[in-house]
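Commentary on secondary and tertiary structure
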Amino acid sequence: MNRSVSMVAVLLFVSGAASGQSDPWAPPAGFYNGVSGEGSALASSLASRMASGHIQRNYGNFRQSAAIHDLDPDVNGNILLVYNRQSVAAQWTSGQTWNREHVWPQSRQPGSASNSSKGNLGDPHALRPCNPGVNSSRSNKPFGLVTSNGSFGSKGSYYFPGDADRGDIARSLFYSSVRYGLALVEGFPSGNSMGDLNALVAWHYLDTPDTFERRRNHTIFSSQFNPSYFTNNRNAFVDLPGTVWSVFVGEPNDSTLYVGSDPAADGSSVLAADLGVFIAGSGASSDEVTLRRFGADGVYYAVHAEGDIATNQPLLGGFTGAFPIGVGKPQSIEFSLAEGAGVTPGVIAGVLTIENLDVTTGLGSGFGGLDGDDVVEVTGIALAPSSLSFSSGGASVSTTLDLGSVQIGETGDIDLPLWAFDGVPGFTAGGVAAAGESSGDLDEVSVVLPVGVIEPGSSSSIAVSVTPAAKGEIEAVFQITTADDPSIDGAAPRGLLTLTVTAEGVGPVCVADVNSDGLLDGSDFNAWLGAFVNGDSAADSNLDGLLDASDFSAWLGSFLAGC
């Protein structure tokens, strides 16, 4: 990205806000304009923004406002409690069903809470509804340890909020620290400080802001959703999670994100990804790329999709995901066709841009806020469905093939072309044919379909043969099923073709009329004798494939009978 410090921050914040155009819980566009800097300067800038226009609510207001910002989205009239995520009735019952948990304990901050208390003691960003027994069990323990995971509960002198709430709790404490100047420290805190900062920072990258937390942040802020108790301020660390490292760690972030094999010197990388070939409108095409991090520092990232491509991980709140501190496994970024893309045949083209959301710049080009954007160039081809036909023009789905007169015991055959119509030149799928239902004189008619894919604009032959068993009319009907080339994503059946085969079985010619002049006379005998002497099959009058005395008897019988 190679920008100045302030410009890095401003562009980051603007992009985070802009991403909320289809996101109901995002800050208003431009809300964080003017926020800039790194370290203490960034913390001061964020503090000013979170204080600007802030309407402070008191501790008593939380008894009613919790029903709005902590509501259970799945149970009407209920709220979700912190730590155990229990769903209980939202109505305030004087602390019997639920009470008010100070995430930053009362005893570790100035003052004592009463219903009229404002500041951090009454700020809904710093309060959560809690089961009374769980609240009592937590007491005023600080949060830790870095390695804690699983369910909520005490971890020696520390308390663990549980996997579902560890990031939420960390960001609540980040807010209180920056908004009200309270101290977060490494290790076990004393006085009015809180910790453990190391654990809180680690949890921030392990448990990213989910829909519940982001909705909570927005409804605390919003006069639209919370008209009686809205605060008009937001927790910036929910909206802008990429600022946490700079504010609370202070050291330059060593993260370099990349796709493909290795990042370039400025941290940028480019990867080509192929969605392959698929049937237009099938929506069948999707793929994924692997995102890796060089370095060990926690980092949030955003994936922006342009063109014909959409990510399956929506960009909500300005971020897509995060790498935790330490050895982080590579992460998969799934993508597929954007809405409306790939519906018509043609070339697919889109770009995924991966942005490192950290804002530190101390390590220079290629790291943290100066890690160049990574680009995935996505291509693909959408093909029109296949269309097999008995004509090259693609309109013939039924045909009748008449092989005429075929002598009994002999075989008449013909090749019938089966065409793959190229409906959209260059962007049409090939097709395959398979036998469907058949009926009629199947013991006398045989159809052999072409094997494999018929490419658009070309044809393959259907081998048709008729072998009459008796005199008379012959007819057989064959249904031919068609489908797209099965190697193409989204391939599907494409309807039926109907082939009708007709012929007439006829008896052999009069064996006595050997010279075939239509007359029976002495010249026929001479012709038979000549054929017999020369070993010609014309002398095989009994049609047994042999030339012997019985053939003369058969010829004479036919001659005397006049055929």
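Note: the structure precedes this text.
The present account deals with the structure reproduced in this document. Note that this is a predicted model, so its numbers are computed, not measured.

The sheet built from four strands is open, its strands ordered β17-β23-β22-β19 with mixed pairing. Of all strands in the sheet, those bounded by a partner on one side alone are β17 (398-407) and β19 (431-440). Adjacent strand axes in the sheet meet at a mean angle of 25 degrees when their direction is disregarded. Pairing between β17 and strand β23 (residues 493-506): eight bridges, direction parallel. Bridge pairing in β23 places V406 opposite G505.

On to a nonpolar patch on the surface, then. A surface patch of nonpolar side chains, amounting to about 520 Å² of accessible area, comprises F525, L529, V533, F552, L556 and L560. Broken down by secondary-structure element, the contributors of at least two residues to the nonpolar patch are α10 (522-533) and α11 (549-561). Looking at the secondary structure, you find L529 in helix α10. What makes L529 partly exposed here is its relative accessible area of 36%.

Spatial strand order, β16-β18-β21-β20: four strands in an open sheet with antiparallel pairing. The two strands at the open ends of the sheet, each matched to only one other strand, are β16 (388-389) and β20 (445-448). Of the strand pairs in this sheet, strand β18 (residues 412-420) and strand β21 (residues 459-466) are connected by eight bridges, and their pairing is antiparallel. Counterpart to I414 in the pairing with β21 is V464.

Scanning the model with the defined rule gives 24 aromatic pairs in all. Pairing F31 with F221 gives two aromatic rings, centres 5.6 Å apart and planes at 80 degrees, and the pair type is edge-to-face. Of this pair, F31 sits in the loop between α1 (5-18) and α2 (39-51) while F221 sits in helix α7 (residues 211-221); the two residues are 190 residues apart in sequence, bridging distant segments of the chain. A single burial state applies to F31 and to F221, both of which are buried. Grouped by ring-pair contacts, the aromatic residues F525, W528, F532, F552, W555 and F559 constitute a single cluster.

Procedures and definitions
Residues numbered from 1 in each chain as written. Predicted model: local features only at pLDDT ≥ 70, side-chain atom pairs only at ≥ 80, totals over all residues. Heavy atoms only, no water. Pairing = 2+ DSSP bridges. Helix = DSSP H or I, 4+ residues; strand = E, 2+ residues; numbered from the N terminus. Axes fitted to C-alpha atoms, helices over the stretch in contact; angles between N-to-C directions. Patch = residues over 30% accessible without salt bridge, like charges linked within 9 Å, V, L, I, M, F, W, Y side chains within 5 Å. Areas by Shrake-Rupley, 256 points an atom, 1.4 Å probe, with all protein chains shown as cover. Salt bridge = Lys/Arg side-chain N within 4 Å of Asp/Glu carboxyl O. Buried < 20%, exposed > 50% of the residue type's maximum accessible area, 1.4 Å probe, protein only. Phe/Tyr/Trp six-rings, centres within 6.5 Å; stacked < 30°, edge-to-face > 60°.

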